[in-house]
Each structure stands twice: as C-alpha cells, then as structure tokens.
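Inside the fold
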Amino acid sequence: MEFTERAASLAHRARVHDARLPLHRRHIALRTCLTVFAPYGLRATYHHPTLSARIPRHLRADPEALVRAVEELHEARVLWLARAEEYAAQRRAGKRSGRRAVPNPRPWWMRSPWDGPARAWYDDPLRHPPLRLTEYVRRQNALLDGAELPGCPACGKEGQLEPNSTGHGRVELCGRCAWARAPCPCGRRHPSVREAACSWQAIWRRAHMGDDGMPNPHRPAGRR
Ligand SMILES: [Zn+2]
Ligand SMILES: [Zn+2]
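The notes below deal with the structure included here. (Residues numbered from 1 in each chain as written. Chains lettered and ligands numbered in written order. Predicted model: local features only at pLDDT ≥ 70, side-chain atom pairs only at ≥ 80, totals over all residues.)

1. With respect to the overall build of the chain
Helix and strand counts for the chain stand at 7 helices and 3 strands. Along the chain direction, N to C, the helices and strands of the chain fall in the order α-α-α-α-α-α-β-β-β-α. The C-alpha atoms of the chain give a radius of gyration of 19 Å, which matches the 17 Å a tight globule of 224 residues would have. C-alpha extents for the chain along the principal axes are approximately 55 × 45 × 25 Å. Contacts in the chain between residues far apart in sequence, at least 24 positions, make up 54% of those at least 6 positions apart. (Helix = DSSP H or I, 4+ residues; strand = E, 2+ residues; numbered from the N terminus. Rg over C-alpha atoms; globule rule 2.2 N^0.38 Å. Contact = placed C-beta atoms within 7 Å.)

Given below as structure tokens:
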C-alpha cells in the first residue's frame, strides 16, 4: 500500500474518533475505512462490527460504538499490513532470483470476494465468520504460512458440512460461515447460498439492532 493511501486511511480513522463531527459523518468515515480494508468483503465486514461493537440502530444511543468498530478494524489491518509487506518483500527477492510466477495459492487478501470459497459472504453478508477480525487475519496468515488448522479454513468450525444445491450440482459449505470447501462441479461462478433476506440498506441502517446495542429479536440480520 502506498504511503498516501495509508495516511488517508489513518485520517478516516481519526474522523471516526472525532467527537466534534456529526455522527452521520463519523459513520460514513467508518465505511470509507472499509473500502480500504474489509476482510469479509465490504458489506459483511460492515455487518460484523454492528454485532461485535454493538452499533445501535440510532447512533446517538452509543456514539462510542463507532470507535469500537473502527478500532477492531484497525487492529486487524495492522496485522494484515505487516504480513502483506513481508509478502511483497519475499516476492521482490523471488523475482531477483528469477521466480516470477505468482505463488499458488495466492495470499488470502488477493482473493476476489465473489469468485472464490467466500462467495457466500458477498451474496449474504450475514454469513461471515463470527471471529473477531484480528482472529480471522491471524488464522489466514497462519494458513498462508503453511499451518495445518482443523475445521473450516475461514472460521475453524469442525463437524458436519452443509450440503447446498446449486440447481445442477452440490456444494459443501461450512455450516457456520458457508465457506465452500469444494467449488461447484460446473466450474462456473455463481452464488452458493441464497441472497440475504434483508437489503444492504437495512443492514447499513442497522434495522437488525436495537438502541441497547443488542440484536433486534424481530429482525433476521441479528441471527448470529
Ligand atoms: Zn466456516
Ligand atoms: Zn455450478
């Protein structure tokens, strides 16, 4: 990441912290931070801290929730940046000694959200892993370094997979986060789960949260 981009990202984080700004501006600054780094994809990575940082439906009920959210994101981003820089240095050294091909598998942060095993988080932003973002980044970094971890590569859940029909084939998904263990046999890109029952607008407005920072029991998006 370029220095300017990094400085801009820190400026957006500072804006989320800035109690002199109107809450909606601080909320938008949080979204801007997610456009720079969103390990579960933009919409799912926004949904995650609504629960973990308990962002209430009305921001004024708990403005500090925005700070908790941006700090969780920032901590994870620092871990990722360190690993990404290490990776870039390894690649430069590899190229100098004649290894030009991109290593396989590609590092986790270069995966496309809609064209890989995490496709479900894109179609249904409620189905991301429940891990704290730092935990997720640590897990992905460990796998990249060759660690053998039990359970779902994304969330660590062990046990039964969830078979899902794609209409013409079957994909086996993690029963918790819907990570696809094996791609659809047809080899094409398409959804592996049904689209979320609630709109992005509803998630963005936190219709699934109450003002006490607890999930609203009458709305489906708070189900995890
Ligand atoms: Zn999982
Ligand atoms: Zn298919």
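2. A short note on the nonpolar core
In terms of nonpolar packing, the biggest core is built from 39 residues, with L30, A69 and W179 touching the most fellow members. Within the residue set of this core, elements represented by two or more residues are helix 2 (23–36), helix 3 (42–52), helix 4 (64–96), helix 5 (119–123), helix 6 (133–144) and strand 2 (170–174). Among the elements that line this core, the one with the most residues is helix 4, at 7 residues. Once you skip the residues sitting within four places of it in the chain, A69 turns out to touch L30, P49, A53 and I55. (Core = buried A, V, L, I, M, F, W, Y, C linked by C-beta atoms within 7 Å. Buried ≥ 20, exposed ≤ 12 C-beta atoms within 10 Å, placed from the backbone.)

3. A word on the environment of A93
Structurally, A93 can be placed in helix 4. In sequence terms A93 and R15 are 78 residues apart; their C-alpha atoms lie 38 Å from each other.

4. Describing helix 4
The terminal C-alpha atoms of helix 4 lie 48 Å apart, and with 33 residues this matches the ideal 48 Å at 1.5 Å per residue to within 8%. Taken together, the buried positions of helix 4 are A65, L66, A69, V70, L73, A76, R77 and W80. G98 lies just past helix 4 and shows a positive phi near 90 degrees. (Expected span 1.5 Å × (residues − 1).)

5. Focus: the packing of helix 2 against helix 4
Viewed as axis vectors pointing N to C, helix 2 and helix 4 meet at an angle of 15 degrees, and their least axial separation amounts to 10 Å. The pairing of helix 2 with helix 4 is recorded here as roughly parallel in orientation. As helix 2 packs across helix 4, the resulting crossing turns out to be left-handed. Residues R26, H27, L30 and C33 of helix 2 pack against L66, A69, V70 and L73 of helix 4. Broken down by class, the residue content of the contact of helix 2 with helix 4 amounts to 6 nonpolar, 1 polar and 1 charged. (Axes fitted to C-alpha atoms, helices over the stretch in contact; angles between N-to-C directions. Parallel < 35°, antiparallel > 145°, perpendicular 65-115°, else oblique. Left-handed = near helix turned anticlockwise from the far one by under 90°. Nonpolar A, V, L, I, M, F, W, Y, C, P; charged D, E, K, R; others polar.)

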